[in-house]
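Structural overview
Residue-level listing of the chains:
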Amino acid sequence: MIYGKLFYRGEFVEAGVEVEEGRIKRIGKLVKGRKVNGIILPAGIDVHVHFRDFEEREKETIETGSLSALHGGICLVVDQPNTRPVVDNAETYFRRMEIAEKRSYVDYALNLALTNKNSERIAEEVEKIRKKYFLPAIGEVFLQNDKKELEIGYETLKKLNLNAKVTIHAEDPRFVERGFPNFLFRKKEAEIFAVEECEKIGNFHFCHLSTREAVERVSKGSFEVAPHHILLSVEDYNRLGDLVNVNPPLRQKSDADWLLRNFNRIQILASDHAPHTLEDKKNGSAGFPGVETTYPIFVELARRGFVSFRDLVEKIATNPAKVFGFRDYGEIEVGKFANFAVFDLKEVREIRAEDLHSLCGWTPYEGFKAVFPVQVYLRGEEVLQSQSRAGKVFGVSEV
Ligand code: DOR
Ligand code: ZN
Ligand code: ZN
């Protein structure tokens, strides 16, 4: 039982929450139990992380990535399958879920890859996985590598009748060249065109949209935006140097500003947490870590009035749960899991890479102001201080 300033049905109320067996049993004017200092928000859901592991344990592991998530107020992650080896079959999927079961600090779900190699038997693999686990989606499907892959990708997407959500990394390779910094070589058109084509084919979820034009072209599908496309732009190049590459690339300041001004139109805020070692970054690897900094930076932006708490909670908790079907998550509501992140708005801090928990050891947000959670509750248990590995993976019986 905790009580304090609680975010409930779109506003803050002074109230208490009673928890039973990990779920919220009652919300009301109860002032019993532990008084919480700060605001109590639903813990976040990050539907787009790359926790590496397997043969890339020097970049990140499920253990370090999920610890980073926990410290960022995130209670559930959806990991992406572009690992080494790729998660393109049920066997590899099961192997990864077993690691998560042992090591994850937060709740964990995993997407399945769709590639040239497994497109013929993807339906079988989906079926096998679904006997055991809740599969959030197929993807992120990379259309960007080469033309052949793009065509097979589009063709397969047309034929697919899997009754599964498909998430797309929307960049058309015909508008992509190689070079450093990559924002000079990966054109906006790549994203806009890919979204347009996919929208003609069907109903997809678009990962990390970075342009106004692409956002405005989504009508059937759903989409997410990554924090770096809102907070950073090509103007950060001098500061970021070797670290600057990310796909899709950083855009003009005016694009980023448009996304911030139109934050209420964004469906989902997801980090695309993509850690690489500093050595890899020197060699041009694309991707930024972000699972630990997204919620804290946006809580600070909400504190200062740049976005509303209502919008923030919707984009980082409620909508991800709705769009991906995590029905026990995303709101402080009777019957849902008691997953809370508590933020003390007086504790504004500057981000330092050395304070973060990702194995990669750097952040593109060095020096940015943020409010990190002082407590995180996972199914009613206070887990931030104890750092207990309370995370669970989804067996089908539980959903
Ligand atoms: O910047 C990126 N990094 N974009 C991607 O699509 C993949 C990701 C990664 O896995 O490193
Ligand atoms: Zn991507
Ligand atoms: Zn990604």
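Everything numeric here is computed off the predicted structure, so don't read it as measured data.

Our next topic: the coordination of the zinc ion (ligand 2). Here the zinc ion (ligand 2) is held by Glu140 (OE), His169 (ND1) and His208 (NE2), and the distances to it run 1.9 to 2.1 Å. Donor residues for the zinc ion (ligand 2), ordered by position in the chain, follow E-x28-H-x38-H. A separation of 3.4 Å is found between the zinc ion (ligand 2) and the zinc ion (ligand 3), both of which receive a donor from Glu140. Taken together, the residues span a long stretch of sequence, with Glu140 in strand β8 (residues 138-142) and His208 in the loop between β10 (205-206) and α6 (212-217) at a distance of 68 residues. No difference in accessibility class separates Glu140 from His208, as the two residues are buried.

So, on to the pairing of strand β5 (residues 44-49). β5 sits mainly inside the fold: six of its six residues count as buried. Bridge analysis of β5 against strand β6 (residues 74-79) gives four bridges, and the strand direction is parallel. Across the sheet, Ile45 pairs through a bridge with Leu76, a residue of β6.

For the rest of this paragraph, the subject is the sheet that holds β5. Sheet architecture is open: three strands sit in the order β5-β6-β7, paired in parallel fashion. Edge positions in the open sheet fall to β5 and β7 (107-110), since each of these has one partner strand only. Taking each pair of neighbouring strands and ignoring which way they run, the sheet shows an average axis angle of 20°. Across the face of the sheet, helix α12 (residues 309-324) comes into contact with β5 and β6 while running at roughly 60° to β5.

What counts and how
Residue numbers here run from 1 along each chain, matching the order of that chain's written sequence. Starting at A for chains and at 1 for ligands, labels are handed out in the order in which the entities are written. Two thresholds apply to this predicted model, a pLDDT of at least 70 for residue-level local features and 80 or more for giving and counting side-chain atom pairs, whereas whole-chain, interface and lining totals are computed over all residues. Only heavy atoms go into the side-chain values, all of them from the structure, while hydrogens and water stay out. A donor here means an N, O or S atom no more than 2.8 Å from the metal, or no more than 3.2 Å when the metal is Na, K or Ca. Since water is not included, a site may seem to lack partners. Only DSSP runs of H or I covering at least 4 residues are called helices, and only runs of E covering at least 2 are called strands; the numbering of each starts at the N terminus. Residue burial is assigned from relative accessible area. The probe radius is 1.4 Å, only protein chains are included, and a residue is buried under 20% of its type maximum, exposed over 50%, and partly exposed in between. Between any two strands, pairing holds if DSSP finds at least two bridges. Each axis is a line fitted through C-alpha atoms, and for a helix only the stretch in contact is used; angles between axes span 0 to 180 degrees, taken between their N-to-C directions. By definition, residues are in contact when any of their heavy atoms lie within 4.5 Å.

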